[in-house]
Structures are given as C-alpha cells and as structure tokens.
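Chain by chain, the residues run as shown.
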Protein chains: 2
Amino acid sequence: MGQYQPPLRDMHFVLHELLDVESQLAEMPAHAETNRELIDQILEEGGKFCAEVIFPLNQVGDREGCTWDKGTVTTPSGFKEAYAQYREAGWPALTCDPEFGGQGLPQVVNNALYEMMNSSNQAWTMYPGLSHGAYECIHAHGSAELKRAYLPKLVSGEWTGTMCLTEPHCGTDLGILRTKAEPHADGSYAISGTKIFISSGEHDLAENIVHLVLARLPDAPAGTKGISLFAVPKFVPNADGSLGARNGAACGSIEHKMGIHGNSTCVMNFDGAQGWLLGQPHKGLQAMFVMMNAARLGVGMQGLGLTEVAYQNSLAYARERLQSRALTGPKAKDKAADPIIVHPDVRRMLLTQKAYAEAGRAFSYFVALELDRALAHPDAKAREEADDVVALLIPIIKAFLTDNAFECTNLGLQVFGGHGFISEWGMEQYVRDARINQIYEGTNTIQSLDLLARKVLADQGAKLKKFGRRVEAFVIENKDDAQMAEFVAPLADVAEKLQKLTMEIGMNAMKNPDDVGAAAVPYMKVAGHLVFAYFWARMAKIALAKQDSGDAFYKAKLATARFYFAKLLPETATAIRQARAGAAPLMALDEELF
Amino acid sequence: MGQYQPPLRDMHFVLHELLDVESQLAEMPAHAETNRELIDQILEEGGKFCAEVIFPLNQVGDREGCTWDKGTVTTPSGFKEAYAQYREAGWPALTCDPEFGGQGLPQVVNNALYEMMNSSNQAWTMYPGLSHGAYECIHAHGSAELKRAYLPKLVSGEWTGTMCLTEPHCGTDLGILRTKAEPHADGSYAISGTKIFISSGEHDLAENIVHLVLARLPDAPAGTKGISLFAVPKFVPNADGSLGARNGAACGSIEHKMGIHGNSTCVMNFDGAQGWLLGQPHKGLQAMFVMMNAARLGVGMQGLGLTEVAYQNSLAYARERLQSRALTGPKAKDKAADPIIVHPDVRRMLLTQKAYAEAGRAFSYFVALELDRALAHPDAKAREEADDVVALLIPIIKAFLTDNAFECTNLGLQVFGGHGFISEWGMEQYVRDARINQIYEGTNTIQSLDLLARKVLADQGAKLKKFGRRVEAFVIENKDDAQMAEFVAPLADVAEKLQKLTMEIGMNAMKNPDDVGAAAVPYMKVAGHLVFAYFWARMAKIALAKQDSGDAFYKAKLATARFYFAKLLPETATAIRQARAGAAPLMALDEELF
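The name given to chain A in an unreviewed UniProt entry is 3-methylmercaptopropionyl-CoA dehydrogenase, with the source organism recorded as Azospira restricta. As stated in UniProt under Cofactor (unreviewed entry), the record for chain A gives "FAD".

> How would you sum up the domain arrangement of chain A? Please name residues and give values.
All names here are of chain A. Looking at the assigned domains, one finds that chain A contains domain 1 (8-66 + 75-141), domain 2 (160-283), domain 3 (291-442) and domain 4 (452-586). Of note, the centres of domain 1 and domain 3, computed from C-alpha atoms alone, are 19 Å apart. The junction of domain 1 with domain 3 conceals about 2,800 Å² of combined surface from both sides, 56% of it contributed by carbon and sulfur atoms. Counting the surface domain 1 buries against domain 3, the share from its top three residues, Asn111, Glu115 and Gln122, is 21%. Counting across the domain 1 and domain 3 interface gives 4 salt bridges.

> Before we move on, can you summarise helix 11 (residues 380-415) of chain B with the specific residues and values?
Residues and elements named next belong to chain B. Compared with an ideal rise of 1.5 Å per residue, which puts 36 residues at 52 Å, helix 11 spans 49 Å between its outermost C-alpha atoms and is within 8% of the ideal. In terms of burial, helix 11 is largely enclosed, as 28 of its 36 residues are buried. Gly417 occupies a position one or two residues after helix 11 and carries a positive phi of about 55°.

> Tell me about the interface of chain B and chain A, and please be specific about residues and values.
Taken together, the contact pairs 92 residues of chain B with 92 residues of chain A. Of the roughly 7,600 Å² buried between chain B and chain A, counting both surfaces, carbon and sulfur atoms make up 64%. The largest per-residue losses of area from chain B upon contact with chain A belong to Phe421, Lys567 and Phe594 of chain B, which jointly make up 11% of the total buried on that side. Our count for the contact surface shared by chain B and chain A stands at 0 salt bridges. On inspection of chain B and its partner chain A, the count reaches 39 residue pairs in polar contact (both at pLDDT 80 or more). Within the side of chain B that touches chain A, the residues separate by chemical class into 45 nonpolar, 25 polar and 22 charged.

> Describe the pairing of strand 7 (residues 228-233) of chain B, with residues and values.
Residues and elements named next belong to chain B. Taking burial as the measure, the 6 residues of strand 7 include 6 buried ones, the bulk of the element. The alternating pattern of strand 7 places Ser228, Phe230 and Val232 on one face and Leu229, Ala231 and Pro233 on the opposite face, and all of these are buried. Where strand 6 (residues 208-215) lies against strand 7, 6 bridges are found, and the strand directions are antiparallel. Each residue of the ladder has a partner; that of Ala215, found in strand 7, is Ser228. With 3 bridges connecting them, strand 7 and strand 11 (residues 265-278) associate as antiparallel partners.

> So what about the packing of aromatic side chains? Which residues, and what values?
The geometry of two aromatic rings is summed up by the distance between their centres and the angle between their planes. All told, the structure shown has 51 aromatic pairs over all chains when counted by the stated rule. When the ring of Tyr4 of chain A is compared with that of Phe55 of chain A, the centres are 6.2 Å apart and the planes differ by 45°; the resulting orientation is tilted. Taken together, the positions of Tyr4 of chain A in the segment before helix 1 (8-18) and Phe55 of chain A in the loop between helix 3 (36-54) and helix 4 (58-64) put the pair 51 residues apart, joining distant regions of the chain. Residue Tyr4 of chain A shares its accessibility class with Phe55 of chain A, and that shared class is buried. Ring geometry for Tyr83 of chain A versus Trp124 of chain A: centroids 6.4 Å apart, planes at 55°, classification tilted. With a gap of 41 residues between them, Tyr83 of chain A in helix 5 (residues 79-88) and Trp124 of chain A in helix 6 (residues 107-141) connect regions that are remote in the sequence. Members of the aromatic cluster, connected to one another through ring pairs, are Tyr356, Phe363, Phe366, Phe400, Phe467, Phe474, Phe532, Tyr534 and Phe535 of chain A. Residue placement shows Arg435 of chain A over the ring face of Phe406 of chain A; its charged tip is 5.4 Å from the ring centre. Above the ring of Phe553 of chain B, the side-chain terminus of Arg9 of chain B is found at 3.9 Å from the ring centroid.

> Explain the environment of Leu205 of chain A to me, and be specific about the residues and the numbers.
Residues and elements named next belong to chain A. You can see Leu205 is positioned in the loop between strand 5 (189-199) and strand 6 (208-215). Under the relative-accessibility criterion, Leu205 is labelled buried at 5%. Each C-alpha atom, one on Leu205 and one on Ala84, is 7.6 Å from the other, the two residues being 121 residues apart in sequence. Excluding residues within four positions of it along the chain, Leu205 makes contact with Thr75, Phe79, Lys80, Tyr83, Arg87 and Tyr127.

Procedures and definitions
Residues numbered from 1 in each chain as written. Chains lettered and ligands numbered in written order. Predicted model: local features only at pLDDT ≥ 70, side-chain atom pairs only at ≥ 80, totals over all residues. Heavy atoms only, no water. UniProt positions renumbered as here; feature names shortened; annotations may be inferred. Domains from an automatic or database assignment. Buried area = accessible area lost by both parts, 1.4 Å probe. Salt bridge = Lys/Arg side-chain N within 4 Å of Asp/Glu carboxyl O. Helix = DSSP H or I, 4+ residues; strand = E, 2+ residues; numbered from the N terminus. Expected span 1.5 Å × (residues − 1). Buried < 20%, exposed > 50% of the residue type's maximum accessible area, 1.4 Å probe, protein only. Contact = heavy atoms within 4.5 Å. Polar contact = N/O pair within 3.5 Å; in protein donor to acceptor, adjacent residues only side chain to side chain. Nonpolar A, V, L, I, M, F, W, Y, C, P; charged D, E, K, R; others polar. Pairing = 2+ DSSP bridges. Phe/Tyr/Trp six-rings, centres within 6.5 Å; stacked < 30°, edge-to-face > 60°. Lys NZ or Arg CZ within 6 Å of the ring centre and 35° of its normal.

Now the structure itself:
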C-alpha cells in the first residue's frame, strides 16, 4: 500500500534552476564533466530503483523486522535481493574514489539519490548508508595497505560497514567509553568491549562487515583525548583478498524498537577481536568526526525523504477521501461529500509538509554542493569558505530537517484520520521511523549546542556572518523589487533578529554558561527558519520570473512560498522569546524537588 | 520496567487547596456527604489498584496485543484477571446511579481515578471507560425496561459496552453513514451494516457486550438528521436476566495499529442483529452527544495520564543517567559524569512535562467538578452556568491536553536518548499510545472547529465571556499584589489578546467562512494557554502564600509556574500570528497544483 514517485521535477528545479550545479561543478576539475544530462540520467535511474525495488519492501521490512539466531541476523524478505541489485547496478560506487573502483561523482548527486532512497525505505538505506561512512573514514585515515584491502570491497558493495561508538553507559559522552585495544606484535590490536545501538551491525546482505570501533589503548589518557579508532572486520581478509578467519566480533542480540525495524540494531561483543588502527593513536574522535558532516547530512536526508513520502501519500488521500462539505459550500456536488483537501486545516497540514520538503531539498542540496566545493574546489579560499558554511549548516540540516520530518510525518498521519493509526495504511510507520532521526548521530539537543556554542559563539559569529553576508547580499539585491517585498522584508527581519539574539546570548553566556544550554534548542529553530526563509525567498524570485511561463509548477512554488512566510516562519516569534528567557526558569528548581 | 506512583500529593493539592471540592460538593445534595476523607480514601485505594494491578500489564499488553480467531478476541495475559479484580472491588459503579446499583459519587472523583488508570494502562482502561459511556447513554435515553435489563449489568461490570459510529467511508462526517435499522413487529429493530474502529468491540473480559450503534431507519431523512441510536447486545438477554441467543453482531477482524495494542479495535459486522431504539427516532446523534462531554473529558484524561507517567519515568532516568559534565562545572565529582538532570535542556524537557501535567490536572479536575455542578447543583442558574463553562472547555480539554501529551511523551522518550527508542524501556509505547488521542472522539481539528465556530462564535462569545469573567475577576483581585505581578500581567495580556483575536476572526468569518477553518487550530492553542495561564496563576497564588511553610512542595509549584510563564506561554506568540494570517495562504493553491 501507499505510493512514491521520485519528485524529479522539483529536484531538477533545485539542482538546475536554483543552484545551477552544472556551472558550479564546472569550477571543480574532478567534477567538470558532470553535466546536467548525466545528473538527470542518474536521478532517473536511481529513482526507478527506489520506487520499484526498495519502496515495495518498506512495509514488509517494518512488519517482519530482522531476526536474530545464535549470532546471525536475517533481514526481512527481499532486502538481500534488493541489495544485490543495488550492488550490481554500481550504486555504492557513485561518489567513491576512482582509484578504488569508484565513479568519482559529486556529493550533491549522491545526496539527491539518498533523498529518494530514504523516501522509499529508510531502514534498508541504512545498510549502504553506513557502509559509505566506513568507506569515507578508511579512505581518509587508513594505511595504504588497509585501503587496498578494504576500499574496493566497500566500493563494490561486497562488504558493508558500521560505526561502533555507543556503549551501554555512554552515548553522547564518549569520553567515558571503556572498550579496550591491546597491541599485538604484528601491529594489529586486540579489541575487547561491548558496543550497543550498532546499526547494520550484523546481517545477511554481504559476505563481510567492517566495524569501525572506538576504543582505548593501554596508555590512553582519560576522556575524549584517549580514544582511538580501529577497523575490525567480521572476517579477517587474507593477503589475496579472500575471506580468512572469523574474527571475535559477534552480535549478541538485536533490539526491539519503535521503528526502522528492517535495520538490525545490534549489541556487538568484541572479544579480543583483531583490529587495525585508523589514523593516529588517541585521535580516534577526530578521525571519526571527518565523516561526521556527511553522516549528519545523511540523517537530514532521512528526514527529508520521510517528509516527501508522507506528503505524497497524505496528498493522495486528501484528494480521494470524501468527508463533510467545504465551509464555503459544496464543491463536489455530485458526490456525498467533498474531498477533504477543500478544508483549510487539511491544506495547512499538506502545505506544511510541502513547504518543509521543498525548502529542505533546496537547503540540503545546497549544503551537499558546498561539501563538494570544500572537497574538490581548486581554490583554497573557496574550499575554506565552503568548509565554514558546511560546518555552520550541518547541525541545522540534521536537527531542523529531522524535527520538521517528525512534525510532517505526524501531519501526514493526521490527514488520514483514524486510518493513519492503522498499520496497513503505512503512515504510522513513517512517524515511527522518523523518530530515531532526532536522536542518533548526536541528539538534536547536541546539534543545537554544536550550532550555538561551537559553530556560532566560539568564533564570535564569524561563520554565521559568512552565511549572513549571503542573506544580506540577496536582501540588498532585491530591495527595490516590489514583487519581492513580501519575501525580502520578513527575511531581513528574521536575519536581524537572529543577529541580535546571538549577541544577547553571547553576552549572557559570559556570565552564565547555562544560558547557552538554555537557549540552544529555540536558537536552532530561529536559525533553521532563517535558512528556510532565505531559500524560500530565492525560490520565490525564480518562480516570480516564470509565473507566466505557462508551467503551473511556478505558480505552485509561489503559493507555497507565501504559505511558508505566512504560517511557518512565525514559529520564530515563540522561539525567540524562549531563547531570551534564559537559564533561570530552568535551573531554579532543586533536583530533589522535581 | 518503568515505574508509576499515583501523584496523590498533587491530586490533593488540586482537589482540596485549589478547587476546595468538599465545600463545592456540599452545595449539591446528591454529593453533600462526599467529604475529603472519603475522596482521599478512594484515591488511595484506586491508586493502589492502578499501580499494582494494571500498570504491570501495560507493557505486556503492548507486546502481546489482542488476538482474533474466528470472531473471538483474546486480550493480553492478565487483562481478564485484572478486570475481574476491578469489577469485584466495585470500581465500575463509582459514579453510577444508586437505583441501578451504583455508588452515586461525583464525576470529579471518577476523573481523578481515570487519570491514574490511564497513567497505568490506557489500552486496558478503555474497556471500562467505554462501558461507562454506554451506561451513561442508556441511563439518559433507554426505556424503563431497557434500563432495568442493562444498567445493573453495566454498573456491576458484568457486561461492557461500546460506541459504534464510524464506518469505512465515514468518521468525521456521520451524516453519510449507511448502517440500516429495519423495524420488527415487536418494537425491536434489525440492524445491518459494517462499523469500523470499534474499541473494545469484542474481548474475553465479560460475558456480554452492549453495542450502541448509529443507524438509519427506513424513513430517515438524509444527513445527520436521519440517524438513530440503538442498543445491540452481543447476547440478547432473556426476561429473567440470563443470557439468551447470540445476536448477529460479529467481530470480523481486529486492526493492527500504532499503539493501544491491548485494546481490541474491531470491525463489527451487524447482520440483522436485534437492537432497541435509544431516545427518539432520527435523534441518535443528539442522544450520543449527551455522553460526548464525558467521553471527550475521558480522552483528555488519557492525555493527562500519559503525560504524568512519561514525566515520572524520564525524571527517574534523568536523575540516574550519568553523561557529560554540567556547563557550569562538575556536580557529581565522585562520578565519571554528572546526572543528566544538570543540563538545561534536559530540565526544559522535564519541566515541560511537569508543567503540562500539573496544569492539565488542575484544569481537568475543575471541568469534572463543573460537570458535577451541571448535573447535580440544586440551582438551575448554577447548572446552566456550569453547562456553558463545560461546553466551552471540553474541546480544549480534549485537544489541548492530548496535543500536549504527544509532545510530552516524546520529550520523555527524548530524555532517554537512544534507549527511548528501544521498546523494553517503555517510553516509545507512551508515544504510540498517545498518538490516537489526537484522533479519535473527534480529531483535534474538529475539536478546534467546535471550540471556535460552535462554542465561541455561534453565541457571539457569550460562553467565552463567562469564562473570561472568572479570569478578569482573578486579575482584578490580585492586581495590587506585587508578588503576583509576574503571573497576573501575562495572564491579563493573553486574555486581552484572545479577546481581540476572537473579534478579528469573527469579523473576517462574516466575509469568508474559510477564515474560521484556517484559524481554528492556532486559536485552540491560544485558548488552551489562556486556561493554563489562569490555573498556573491561581496555583502560584496558593504556593506563594505557603512557600515558607517548610513544605518544599510549594517551592516546586512556584518554580514550575515560573517556568510555564517563561517558556511555554510564549507559544501564543506564534499561534496568534498563525491565526491572524487567515485563509488566503491556505486556499490560494489550486487542488491539482499541490
């Protein structure tokens, strides 16, 4: 049940009309040949795979879940075959290094593909998604030997990968982790400890799994400065590339959880498992953080994917379901009742999903392209500028898009009324799947603290100003355009308010660090809306220019922009008040009096 | 896993210090003997039953769910035994008419009991909850004969009841329902049709089930004015009270759904089932609506119950879980990290739950007491005044408390981090259970339309003014109390803003009815906060007077009030802007352009 159509028209709008990726990529020698035709072809093929192969497995995956038996995990019906198809089509190699069999395409293309994969089947998508993270980490930090042995297998998709950070007593606070790494004489290490919440930790999709494990060396200093990163394969590869001995890395159990049932969430027991150091001793967190931007962007894409698919399904239902008459009089007079899309509040629910999906797409594709610039632009200054923009925006992508997705999947469910609560209609699964995205890869509170404390306040707002200058330039550029006033004025207003809010929190923080913790979450909301207002204003400008082109797409874009400014941007009014209220109302109550 | 302690201290505060129920009830002859001692004793006993008998079955119920086999439904392990205990202790009879074996106690006591029952096990509580609704409806509309035959069985809990409204093609819009009622010669009717989403429709807790079914008589006018209400028993009782023939009312299947797994959600097939008319022909909706206030209050209590239990569990976790250091420096220096309750944003999540639970308790107990006044006050004017206040506030209870509960159960989950997503910790079940409360018994959009269109605008704000006068009186009474200024000023402010907003929407609605539909949901939020601000101000006044009493309870109450005004009431800033934005941004987009 349910439906999913890759939103290719809107993806093309973002990639080609809004971001002009072709000319942007032309500046980067590695991607100069990635033209529009190639991109569109990839997205069309990718979209077919998503809609035809993995989308039909989404509800099956939820219903069956994974099953554990004596350390082996069986994925839901069809997952294995779909993965084989994915691998055979070469999708895992899309953005990988050609030296190891990759196709060397830009992140922005992969990002668009992942949007569609997540719309179709988030639980399934996590298997290749985490493998790509492992690929990136080994690519950045592995020895030449390790790269030769592991990367071609990850690029081809023959092996998959995981990230093993969390332990039963620590998730957010990795400084207190206990897993141990004892050096062997041959330069490898014996890894011992228990890791939990390991997504894709064990499964039947691939012949081997490479675990990236955070652990402490014997001489490690306490805290986060004593953590090292190791590659620990399920089967230790032989020199000839064939699979060798089964390593002491075993899946002790899998979790029963709210959503993403099709992905195995494993307890992994490392019992003297053989591992190889990645990067420098005690610098494991930094090594892991190299792939954090991509990973957090990836979670944001999970949010975007679910927002889009919830929207498509609730829209279809709202057009078909007949219930009550419009407040302004009957519309479908030949029927017993009007389709519910006539009701203003149903439209609010649909337009909220639509506005968040489209702004999230514009924003996240923009960030993916900035990631490409940061990695592949020939000019060091351009790379640094892109790096800063990415650093600032990544926590917003992760937190704002996943918070919106939880709201939007819930709105999608609500449009279905009682049917939304019933499993077979598929809407409640989206809500349950969306819920994890606000938690893993750093909770949204952690993202908010990262944004406010580390990305904004730590450099006195320098990175924020870099983004702010783009907003300012757009405001100035359009200030005399009467048609744009309805978008530019509120954009300028929220930009100014965020700047003032930032200064105020910065001042307060010097007196009381808790003010940062108290303001972080509402500050994230204001920052997210500044970004969305900026992209909606930019999209509105394009749509205004083409509204009489005869293509109704631009009329819809304009109406959605107006909805955003009228109904969603006002969320900043509350968030600003909450951020300014400071720490006192939170900290006044003694712990024992709660 | 998990914990629940009946919040007796806060319940006593609301009942005795805030509402002074004893003297209020003393005005009503039927309840004049319900004194504080009796109330407290009932709540203590009821709380024990909840915490010791049905709370331990909550996770079992979710895990096992109900099972259907050839028309019979088996409830989860322990449900049947717990129901037997409930029945034997006489709980179903609490507020029932002594003429039929009831104890004749006031609604306000039952309401407090139901809060605890819902905290402990919402799915289980729906069995007796719906039975009580059926009792009320038959009590109000049944013939003397029907009452004699059915009421003692419902009062004793030997039989249970259901409400059969929804059909596959209609839920909100009952005017288009199709179930038929053909008169028999003996004065009974043959009921035929399919009803869906029938909670507690079939189960193994009781020997008989009375379905209250909406259907159309052969001569029924179209629409809502052609609907009649019938009592359709599973087994037709014989004249001597023994069970007779199995009636043609069968459970065709049960739904697999997001939450409340322990309650059977049934497809009920009526195949010429014998039924008896309740109330007048074609006046079935009015007959059903008699119990709507109690039913909607009941759903509000489901929201309150889940808010409270989510709070208790996330608070316990926040005190125990060690993770990271406080921003102001280490607090638990002897431990590897501080308990997470030191972090401002964790406190925001806890205090939001606490503030909503406590205001929701004050508000809903107040409304339950007004229901008692409406039913049992000797003075007709007092009854009418109470009736109006109840009519105004019931949709707010239903929508605002259940929206808050969904937010709060999610905050509770979030406090647990990754563990919150794992089923065994119990937090994700609260989220899934809470989700239905925003949908059934009239979606929260329908509640919002009921509030704005029918309760506020239809009488030019007369009912709203009645409540507004109480707020105004409180504001005037405390305007010279400097200590109260921090509560009274924002209360007066939101009251004034709601009044202005109401007038503005009323004016716009005359030009465009869609403006009502567009404003309803945000209007509900503002109205909900006006009510909460009023109760928080009243509670703060009591707490101020007793803050030096040595009982830390009052210090906590005051700190929670301050948190509410600083961090939650500001939600009105956004909601007012959204309500004022009107219908245009929602209606501009043509249906086919979505």
